[in-house]
Each structure stands twice: as C-alpha cells, then as structure tokens.
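Overview (structure and organization)
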Amino acid sequence: MAVGQGAVRDLAEAMPGGGGGLVPVHVAIIMDGNGRWAAARGLPRIAGHRAGAQAVRRVVEAAITHKVGWLTLYAFSSENWRRPAAEIVDLTGLLRHYLRSEVAELSAQGVRMHFIGDRARFDADIQNELARAERVTAANSRLNLVIALSYGARAEIAAAARHAAEAALAGTLDPAELTEDKFASLLTTAGTPDPDLIVRTSGEQRLSNFLLWQGAYAELVFLDVFWPDFGEAHFAGALAEFARRERRFGARPG
Ligand code: IPE
Ligand code: IPE
Ligand code: MG
C-alpha cells in the first residue's frame with residue numbers, strides 16, 4: 001500500500017461547520033500502562049487490564065464520533081508471551097470474556113472487526129471467537145477496528161518474505177515484480193490503509209515492534225496518560241496534534 005497523501009481528508013468536509021486541520025483515516029494505538037495504573041492504586045495488574053478493556057470501549061466510540069475510518073489497537077505483542085504465566089492466563093481470560101460480551105454491541109455500532117497477529121498461539125476456543133467476530137461484523141463499515149493480538153512486526157515481515165521466497169521458488173512470483181506494493185499485499189494488513197497517526201500512552205516513547213513497515217510515515221504522538229485513564233479528550237487531543245503536523249513524505253517542505 002502506498003504511504004498516501006490521499007490518506008487524510010479535510011476536517012471541514014468531515015464535520016459540518018468544522019474547519020481547518022486534517023482527520024487521519026487510520027489511527028493506531030499502543031495501549032500501554034495498565035500495570036502502572038494498577039500499581040499506582042495498590043491493585044493487582046489484572047485490575048489494570050480490566051480497566052484497560054473499559055478504555056477500549058471509549059476509544060471505539062471516540063473514533064466513531066471523530067469519523068476515523070480505521071482504528072488499530074495493539075492489545076498483545078508477540079513478546080508479551082514472555083510475561084509470567086499467571087498474567088498470560090489473566091490476559092487471555094480477559095480476551096475471551098471481551099470477545100464473548102462485546103462483539104454484539106460493537107456490531108450494533110457498525111464496527112467491522114479484524115485481527116492481526118499469530119492467532120494460532122491462542123487456545124482453540126479463542127481462535128473460534130476471533131473468526132466468529134470477523135464473520136458477524138463483516139458487513140459493517142462505520143469503523144474498521146483492527147486488534148493486534150500476538151502481533152509482532154518483525155515476525156509479520158519475516159513471514160511475508162518467506163511467502164515471497166516460496167512463491168519465487170515455485171515459479172509463481174518473479175522476484176523482479178516484488179515491489180513495495182506487492183510486498184505490502186503479503187502482510188497481514190493487506191487492504192488496510194497505512195496508519196497516519198500512531199499514538200502511545202503511558203509516557204514510553206518507542207514502537208515495541210508495532211507496524212514497522214506500515215508506520216513508515218506515520219506521525220507519532222506520545223501521551224502521558226496510562227491506558228485505563230484514556231478517554232475521548234485524549235483522542236481529540238491526539239487528533240489536534242496530528243492536524244498541526246506538516247507531513248512531507250520526503251518531498252520539499254512548503
Ligand atoms: C499494556 O499495559 C497491556 C499489555 C501490554 C498487554 P502493560 O501491561 O504493559 O502495563 P505497564 O506498561 O507494565 O504499565
Ligand atoms: C507494547 O507494550 C505492547 C502492547 C501495548 C500490547 P509493552 O508494555 O509490551 O512494551 P515494552 O515492553 O514496554 O516495550
Ligand atoms: Mg507496558
């Protein structure tokens with residue numbers, strides 16, 4: 001997918017009476033700080049993850065309100081499997097509960113769900129819930145919600161490279177035709193616009209293996225708020241910051 005100037009639209013067009021600035025088509029969020037939110041309250045980490053799930057509800061509503069077309073949420077990285085077994089059990093349990101209890105409501109809101117990452121690492125019942133969520137929301141178009149689960153950008157890129165190498169060996173892909181667009185079509189995000197804006201909460205300023213290919217020209221916004229405290233005002237603030245940025249894509253300023 002081309003890193004596109006076409007990936008932003010005019011706020012005046014999107015919001016009657018509004019003016020100036022640009023609304024990103026695709027916002028991606030690294031939802032970080034659940035553990036520190038809990039620790040600050042003397043609570044176990046699972047309490048932070050539970051509160052983080054509530055914040056997911058708020059950000060979905062905010063994305064709909066602000067007419068963002070795509071929202072990607074980094075919920076669990078391929079490296080998060082390194083956490084203690086008890087926390088993994090808590091997180092997968094919460095995911096199971098979230099999928100069972102939220103999908104109907106999300107679908108009623110017009111949300112289409114997609115999942116990226118290595119879903120084969122989850123229990124079979126969770127894999128079934130993921131497939132079900134994608135199936136029952138497939139006709140929705142108000143907001144595309146992509147949830148990154150057991151996702152790591154390097155693994156994603158390596159898998160695409162492996163796929164291309166196999167196709168070349170099988171004679172179905174001419175290496176000379178492996179363009180950027182062709183390569184992007186082999187990633188799990190094929191068909192998804194590149195993120196215009198990547199937000200990370202919790203004060204950390206790093207990507208932690210998130211959308212390394214797709215985020216080549218994303219604007220980065222780092223917020224000093226723990227994910228469970230994230231709300232509409234933070235979302236609006238990140239969009240306002242985005243609107244102030246000048247995107248150049250390597251071209252001459254001006
Ligand atoms: C984000 O919060 C949730 C996941 C990575 C699963 P953390 O659990 O990373 O919370 P902190 O960064 O330790 O505060
Ligand atoms: C990134 O957060 C992954 C998610 C938010 C799902 P981490 O808390 O895992 O990242 P590091 O370890 O601080 O880089
Ligand atoms: Mg963290």
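These remarks concern the structure in this document. (Residues numbered from 1 in each chain as written. Chains lettered and ligands numbered in written order. Predicted model: local features only at pLDDT ≥ 70, side-chain atom pairs only at ≥ 80, totals over all residues. Heavy atoms only, no water.)

A word on the side chain of S78
Summarising the element assignment, S78 is placed in the loop between β4 (70-77) and α4 (85-108). Within the structure, the side chain of S78 is placed 3.3 Å from the side chain of E79, a separation counted as a polar contact. Polar side-chain contacts of S78 include one of 3.5 Å to the backbone nitrogen of G152. Discounting residues that sit within four places of it in the chain, S78 has contacts with R121, S150, Y151, G152 and N209. (Helix = DSSP H or I, 4+ residues; strand = E, 2+ residues; numbered from the N terminus. Polar contact = N/O pair within 3.5 Å; in protein donor to acceptor, adjacent residues only side chain to side chain. Contact = heavy atoms within 4.5 Å.)

Let's talk about the site of ligand 2
Looking at ligand 2, the residues that line it are I30, M31, D32, Y74, A75, F76, N80, R83, R200, R206 and S208. Residue R200 places a side-chain N or O atom 3.2 Å away from an oxygen atom belonging to ligand 2. Within the contact set of ligand 2, an oxygen atom lies 2.8 Å away from a side-chain nitrogen or oxygen of R206. Against a free-state accessible area of 390 Å², the protein chains account for coverage of 78% of ligand 2. When each cavity is represented as a set of grid points, ligand 2 is found to reside in the largest pocket. A per-element tally of the shell around ligand 2 places β4 first, with 3 residues. Here the shell around ligand 2 is composed, by residue class, of 5 nonpolar, 2 polar and 4 charged. (Near = heavy atom within 4 Å. Areas by Shrake-Rupley, 256 points an atom, 1.4 Å probe, with all protein chains shown as cover. 1 Å grid on protein atoms, 1.4 Å probe; cavity = no way out; pocket = protein on both sides within 12 Å on 5 of 7 lines; lining within 4 Å. Sits in = over half its atoms within 2 Å of the grid points. Nonpolar A, V, L, I, M, F, W, Y, C, P; charged D, E, K, R; others polar.)

Focus: the site of ligand 1
The environment of ligand 1 is made up of M31, D32, G33, N34, G35, R36, R45, H49, A75, N80 and R83. One of the backbone nitrogen or oxygen atoms of G33 is found 3.4 Å away from an oxygen atom of ligand 1. Within the backbone of G35, an N or O atom sits 2.9 Å from an oxygen atom of ligand 1. Using a 2 Å cut-off from the grid points, one finds that ligand 1 occupies the largest pocket. Those elements that place two or more of their residues in the shell around ligand 1 are α2 (34-40) and α3 (45-65).

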